Amino acid sequence: MIQEAMFKSLSRRSIFSGMAGMGAMAASVPAFGAPPLTKGNLRPLDVMDPKENLYGFGKMWGTLGPKAVLSGYQGVQYAIVGDKRAVPLFGYCGFGNNRNIVQPDGSLKVLGKECGYFTDLATGEIIDHWDNPWTGERVEVFPFLNDRWRGTLTLEQKVFRVGDSETVNNDNGTKGQKGKPFLLPWQRIGDQYLLSWDYAHEYTNPVTPEGWPKASTGKRVNPSEHFTIFTPAAEIDDRSLESARFTAGFMRQAPWWPWMRMGQSGVHGVLMGRMHSYKITGTVEDIPKSVLKRVERDRPDLLEEPTDGPDEGVRGTLEAYAEDVPPEVPGYVSPLAEKRKAMLKEPGK
């Protein structure tokens, strides 16, 4: 891992005594109206301990408290075709509604809801239809609305199972990461922890060319998302706080969205998005205004507390599209639909 290389030439004592000194000196704004920090509350994050990694990630990405907190993201998605310049297409924004529960063994149960909408670049308002400049077709936009996601981060490196593939987060290109201790590349610089979080997938497209010839971009898809996160060290290190603020740069690259209906366009390209991602107040103030207005009107349940339950794996936009949008080919039954049908027949489902 990255931090192993960083720390190889330093002793644990020199690392954490230095951190402790900086933590005691750092000025901080308490998170979400928490009481002022006291020296006795501060204990620097032990970045070489998987339990400490899960603790830090859990309070940064959501909250370890009993009530979920809100985070937002907003930015622009660009089209990159061949050697042409990147062209801005539409805004991309949404929010997460998260809380995390530390388990007795130190693992972290993750509960949440999320959504993603597309906006007009000129007005910032959510779009329901979009005029495709390559095909000339006016298409219906498909927002991603996920009323629950549940998973567990254990003391071992997280393995994401998406479709027929398995990948690890923060893949550093070396073999044998699977099964290693759950460690993240935390860096302490001044009064901030810097953290990267990356995942890159390649799997069979659930929006199949056989069922959705216009929506599908092909048999395989390779979406990836990348975050560069900044979080106040004093808020992570203060063990009396249940949540810590963060701001992040958020980049996503992927094939065309299926709702763009580019499958038969002959235009080969990718979408690249750059966004702000953040949890600053932990309230509805963090949600982009156009998104909050739309969700309050159409899906207020996304603002309610996430519910506990069994882990359900990854359900991304492509999976949602394949489940919610009827195939273009009459009578076609997708493999994903067959799988979901079989799951519902299983005891306890």
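In what follows, the structure referred to is the one given above.
Just so you know, these numbers come straight off a predicted model, no measurement behind them.

## What to know about the overall build of the protein chain
Here is step 1: Of regular secondary structure, the protein chain possesses seven helices and 15 strands.
Here is step 2: Looking at the 349 residues of the protein chain, the share that counts as buried comes to 47%.
Here is step 3: Within the protein chain, contacts between residues at least 6 apart in sequence are counted, and of these 70% link residues at least 24 apart.
Here is step 4: For the protein chain, the exposed surface amounts to about 17,000 Å²; the carbon and sulfur share of it is 56%.

## Overview of the sheet that holds strand β10 (residues 192-200)
Here is step 1: Here nine strands make up an open sheet; going across it, the order is β6-β3-β2-β1-β15-β14-β13-β10-β9 and the pairing antiparallel. Single-partner strands in this sheet number two, and they are β6 (144-153) and β9 (187-189). Between one strand axis and the next, the sheet turns through 20° on average, direction left out of account.
Here is step 2: As paired strands, β10 and strand β13 (residues 224-232) are joined by nine bridges and run antiparallel to one another. Opposite Tyr199, over in β13, you have Glu225 as the bridge partner.
Here is step 3: Its contacts with the sheet place helix α3 (residues 50-61) against β2 (87-102), β3 (108-119), β6, β10, β13, β14 (246-254) and β15 (269-279), and it is angled at close to 90° to β13.

## Here we look at the side chain of Asp237
Here is step 1: Mapped onto the secondary structure, Asp237 falls in helix α4 (residues 233-237).
Here is step 2: Only 2.8 Å separates the side chain of Asp237 from the side chain of Tyr193, close enough to count as a polar contact.
Here is step 3: Beyond its immediate sequence surroundings of up to four residues, Asp237 is in contact with Asn41, Leu42, Arg43, Pro44, Leu45, Arg188 and Tyr193.

## Structural notes on the pairing of strand β1 (residues 69-81)
Here is step 1: Where β1 lies against β2, 11 bridges are found, and the strand directions are antiparallel. Across the sheet, residue Ala79 finds its bridge partner in β2, namely Val87.
Here is step 2: The turn joining β1 and β2, which pair antiparallel and follow one another in sequence, is formed by five residues; a positive phi near 55° is taken by Gly82.

## So, helix α5 (residues 289-298)
Here is step 1: For α5, the full list of buried residues reads Ser290, Val291, Leu292, Arg294 and Val295.
Here is step 2: Looking at the buried positions of α5, the neighbouring elements they touch are β2 and β3.

## What to know about the pairing of β14
Here is step 1: Bridge analysis of β13 against β14 gives seven bridges, and the strand direction is antiparallel. When the sheet's bridge partners are listed, Ser224 is paired in β14 with Gln253.
Here is step 2: Bridge count between β14 and β15: nine bridges; the pairing is antiparallel. Paired with Arg252 across the bridge in β15 is Gly273.

Parameters and conventions
Each chain has its residues counted from 1, following the order in which its sequence is written. Restriction of local features to residues with pLDDT of at least 70 applies here, the model being predicted, together with a cutoff of 80 or more for giving and counting side-chain atom pairs; totals for whole chains, interfaces and linings are based on all residues. Note that the side-chain values use all heavy atoms of the structure and ignore hydrogens as well as water. Only DSSP runs of H or I covering at least 4 residues are called helices, and only runs of E covering at least 2 are called strands; the numbering of each starts at the N terminus. Relative accessibility thresholds used throughout: buried, under 20% of the residue-type maximum; exposed, over 50%; partly exposed, between the two (1.4 Å probe, protein chains only). In this analysis, two residues are considered to be in contact whenever any of their non-hydrogen atoms come within 4.5 Å of each other. Only the protein chains shown count as cover for residues, and the accessible areas themselves come from Shrake-Rupley with a 1.4 Å probe. Any two strands with at least two DSSP-identified bridges between them are counted as paired. Only C-alpha atoms enter the line fits that serve as axes; for helices the fit covers just the stretch in contact. Angles between N-to-C directions range over 0 to 180 degrees. Identification of polar contacts relies on pairs of N or O atoms within 3.5 Å, with a donor-acceptor requirement for protein atoms, meaning one able to donate a hydrogen and the other able to accept it, and with residues adjacent in sequence counted only if both atoms are side-chain atoms.

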